[in-house]
Amino acid sequence: MSTKRMKATSVALLGGLLIATAFAADEFLGSWTGTWEGAGSGGNFNITLTNDGGKLGGKVDVGQDTGDYSATF
C-alpha cells in the first residue's frame, strides 16, 4: 500500500475514532498502541485522544518501513 494511501486510511480511521469519542468520550480517552500489517509492509502506531474542557483532540504517531509520521488533530 502506498504511503499516501496509508495516510488517507489512517486519517479516515482517526476521524471515526474522533466521532466515537464525541459520543462516549470518557471510554476512549487516553493512549492506544498497536501494530498493523498489510500488502508486504507493517508498522506500529500510538494514538492519544484528549478532551480539554470539551474540546476533543489528540495525536497519532505511526512508524513504518518507509518512514515515520505524526499528525495532530
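The structure presented is a predicted model; accordingly, all values stated were derived computationally and were not measured.

(A) The pairing of strand β1 (residues 30-38), seen in detail. Both β1 and strand β2 (residues 41-52) contribute to a ladder of 9 bridges, which runs antiparallel. In the sheet register, Gly34 faces β2, and the bridge partner there is Phe45. What sits between β1 and β2 in their antiparallel hairpin is a turn of 2 residues, with Ala39 showing a positive phi close to 45°.

(B) Main features of the pattern of salt bridges. A full pass over the atoms with the stated rule returns 1 salt bridge. For the salt bridge of Lys59 with Asp61, the shortest nitrogen-to-oxygen distance reads 3.8 Å.

(C) Broad picture of the nonpolar core. Core analysis: the largest hydrophobic core is formed by 6 residues, namely Trp36, Ile47, Leu49, Val60, Val62 and Tyr69. Elements represented by at least two residues in this core include exactly β2 and β3 (55-64).

(D) Summary view of the sheet that holds β2. As summarised here, the arrangement of the 4 strands in space is β1-β2-β3-β4, forming an open sheet in which the pairing is antiparallel. Single-partner strands in this sheet number two, and they are β1 and β4 (69-72). Strand-to-strand twist across the sheet, computed as the mean angle between neighbouring axes with direction ignored, equals 15°.

(E) Examining the pairing of β4 more closely. In the sheet, β3 pairs with β4 via 4 bridges, with the strands oriented antiparallel. Looking at β4, one finds that Val62 is bridged to Tyr69. Linking two consecutive strands that pair antiparallel, namely β3 and β4, is a turn of 4 residues; a positive phi of about 130° is found at Gly67 within it.

Quick notes on the rules
Residues numbered from 1 in each chain as written. Predicted model: local features only at pLDDT ≥ 70, side-chain atom pairs only at ≥ 80, totals over all residues. Heavy atoms only, no water. Pairing = 2+ DSSP bridges. Helix = DSSP H or I, 4+ residues; strand = E, 2+ residues; numbered from the N terminus. Salt bridge = Lys/Arg side-chain N within 4 Å of Asp/Glu carboxyl O. Core = buried A, V, L, I, M, F, W, Y, C linked by side-chain atoms within 4.5 Å. Buried < 20%, exposed > 50% of the residue type's maximum accessible area, 1.4 Å probe, protein only. Axes fitted to C-alpha atoms, helices over the stretch in contact; angles between N-to-C directions.

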